Amino acid sequence: MATAFNWYPSDRRTSLPRTPAMPALRALLTQGGDMRIGLDGATGRNAYGCGGIPDPDLAAFGSSTASTISVGGYRAAGALRDRVVDGGPVRIEQEAARIRQALLDLNRVPRDAGVEAVLAASGTDAHLIFATLQLNRPGKPWLIVMPDPCETGSGVPDAIAGRHFNSGTALGAASRKGSAISNAEPGRTLHYALRNRDGSIRTTDSIDEEVDAAIRAGLADGNRILLVAVDGSKTGLVAPSPMRSTDWKARFGDSIEVLVDACQFRLSTVRLNHYLAGDCAVAVTGSKFMGGPIYSGALLLPAGAAARTREAAFPAGLSAYSARCDWPSHWAAAGRLEATANLGLLLRWEAALAELGRFRAIADERAAEIALRFRDLLIPALEETDMLDPLPHACSDEADAAITAPLDRVPTIFSFRLKRRGGAAGCRSAEEARHIYRTMPVLDCLPWIGPRTEIGQPVSVGEAGALRLSLSAPLLAGADEDGGAALGRLIGQVVDRIDRTARAID
């Protein structure tokens, strides 16, 4: 077991030598994730199409998938790197603890609530860590009830089952996708759909009833339940209703664990704290709505869930995903982890926290006002094109009005299908949408096609594929500062660019 302090990842993942010298900031920001975080030598972009340095001229509407690091975030990460260089191993442990606490403080989590933050390389890693520890708790078998994978991360079904979700891990180890990281396995997994096959949104009541029936049947069959709720899916949906999620936890106690997938981080502090007060764990990331660079995840554990989770065996396989500084110091089991710190992860969270702090300075009502203006400009622009077909979007359910803030009631992810040219029936498939998505960066050099644009990766909606345009915390903060002038100008240009691209490669 490695006990020496080291920068991560090691030479298992990169050609960087293991020396006391600190790599450059740009290199560090691409370390400590899996292979998707690396930059392509030819394009300078990672697997999500994001660059490794700030790009102020980019029309960044792709936060539903990933974000390119902001100027402010890059500066904050650079300052942290410099402090660590000067302070060494003790300083990085202090900085890791500060980052975990700052994440809670900026989300207005009461310090006396006993909530604990665990850092993870991504939202999917956070799912894996939580699920693996639950599955290793002695007792009855687990039944997993989770959303349709089309609305969550592609690796989440494997991760929530305690399986490797890629061919490499965050800390550079090789892995076999789909294989278990410990001896514990769930009995089976049930999925609930958020949309109908035609792309329309299912009613909250219908989803709540389906999940309730699955929970009750699973308990009757002698299982414990691991429920994954989603608050901000790939297309911006919330299900089951937040009130029902906490009600199930209160009613069934230790027979159920609830993990809220809030990895888009598009929920208010009011709703986040509702989940935590209801003993539900929450997975978040700093790399989508918050505008930090990719691969900055965290698991927020309320006091009860933290106490139960600490009772679990700590499988050796977690050493491939997690470092000791990711955990609160009093988690003795985390002392078995081989890596001391994942510095790349800490730097990415520092960048995200810089944007989170900027966003939290905006009054909730003002943020909602900007988001409404964005919606009211974007939807008509999409509807007026020849090639784009906006999907229905959802707002908070009236039943949850008591635990919502103004921005919770306004969508910030807008999905649209791609029509076929010439009035042909149907919309383009997910593969055709992926082709258009991959082609957009190639056309950046053509001035007539419009501004360089970052959009969300396609998702499958029934038989079609849908692309996404999204608001982010940096866009909201920028609009608050300049009155929304730049954001308003960009909307028409970006929609026109997507429409032109779709027609150009039809």
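See the structure printed just above.
What counts and how
- Residues numbered from 1 in each chain as written.
- Predicted model: local features only at pLDDT ≥ 70, side-chain atom pairs only at ≥ 80, totals over all residues.
- Heavy atoms only, no water.
- Salt bridge = Lys/Arg side-chain N within 4 Å of Asp/Glu carboxyl O.
- Helix = DSSP H or I, 4+ residues; strand = E, 2+ residues; numbered from the N terminus.
- Buried < 20%, exposed > 50% of the residue type's maximum accessible area, 1.4 Å probe, protein only.
- Expected span 1.5 Å × (residues − 1).
- Contact = heavy atoms within 4.5 Å.
- Lys, Arg positive; Asp, Glu negative; His and termini not counted.
- Polar contact = N/O pair within 3.5 Å; in protein donor to acceptor, adjacent residues only side chain to side chain.
- Disulfide = S-S within 2.5 Å.
- Phe/Tyr/Trp six-rings, centres within 6.5 Å; stacked < 30°, edge-to-face > 60°.
- Core = buried A, V, L, I, M, F, W, Y, C linked by side-chain atoms within 4.5 Å.
- Pairing = 2+ DSSP bridges.
- Axes fitted to C-alpha atoms, helices over the stretch in contact; angles between N-to-C directions.

Moving on to the pattern of salt bridges. Counted under the stated rule, the structure contains 34 salt bridges. R366 is the partner of E369 in a salt bridge, and the nearest nitrogen-oxygen pair spans 2.8 Å. Placement of the pair is E369 and R366 together in helix α10 (residues 364-383), with a separation of 3 residues, close to one helical turn. By relative accessible area, E369 is classed as partly exposed at 46%.

Compared with the 18 Å implied by 1.5 Å per residue over 13 residues, the 19 Å span of helix α11 (residues 430-442) between its first and last C-alpha is a close match. By the burial criterion, the buried members of α11 are A430, A433, I436, Y437, T439 and M440. Of the surrounding secondary structure, the elements contacted by the buried residues of α11 are β11 (413-418), β12 (453-461), β13 (464-470) and α13 (485-504).

This paragraph deals with the side chain of R468. Examined against the element boundaries, R468 turns out to sit in strand β13. In this structure, R468 is buried with no salt-bridge partner, the nearest side chain bearing the opposite charge being E151 at 7.0 Å. Polar contacts involving the side chain of R468 include one to the side chain of S64, which spans 3.4 Å. A polar atom in the side chain of R468 sits 2.8 Å from the backbone oxygen of Q457.

With that out of the way, let us pick up the state of the cysteines. Tallied over the full model, the rule gives 0 disulfides. Counting only cysteine sulfurs, C263 is the nearest neighbor of C280, a cysteine outside any disulfide, at a range of 15 Å. Between C427, a cysteine without a disulfide, and C150, which holds the nearest cysteine sulfur, the sulfur-to-sulfur distance is 16 Å. The class of C427 is partly exposed, set by a relative accessible area of 23%.

Attention now goes to the packing of aromatic side chains. Under the definition given, this model contains 6 aromatic pairs. For the ring pair F314 and W327, a centre distance of 5.2 Å and an interplane angle of 70 degrees mean the geometry is edge-to-face. Residue F314 is found in the loop between α8 (303-310) and α9 (343-360), and its partner W327 is found in the loop between α8 and α9; the two are separated by 13 residues along the sequence. Per residue, the accessibility class of F314 equals that of W327, and both read buried. Three or more aromatic residues joined by ring pairs form one cluster here, namely F61, F374 and F414.

Of all hydrophobic cores here, the largest spans 99 residues; its most connected members are L227, V282, L300, W349, F359 and L469. Ranked by residue count, the leading element in this core is α9, at 10 residues. Filtering out sequence-adjacent residues up to four positions away, V282 remains in contact with L259, V260, A262, L272, Y275, L276, A298, L299 and L300. Counting 40 residues, the second largest nonpolar core, distinct from the first, contains L128, L226, V228 and F314.

The sheet built from 5 strands is open, its strands ordered β1-β12-β13-β11-β10 with mixed pairing. In the strand order of this sheet, the two ends are held by β1 (59-61) and β10 (388-390), each with one partner. Across the sheet, the axes of successive neighbouring strands diverge by a mean angle of 35 degrees, strand direction being ignored. Where β10 meets β11, 3 bridges bridge the pair, whose relative direction is antiparallel. Bridge pairing in β11 places D389 opposite R417. Along the sheet, α11 contacts β11, β12 and β13; its crossing angle with β12, the most-contacted strand, is approximately 170 degrees.

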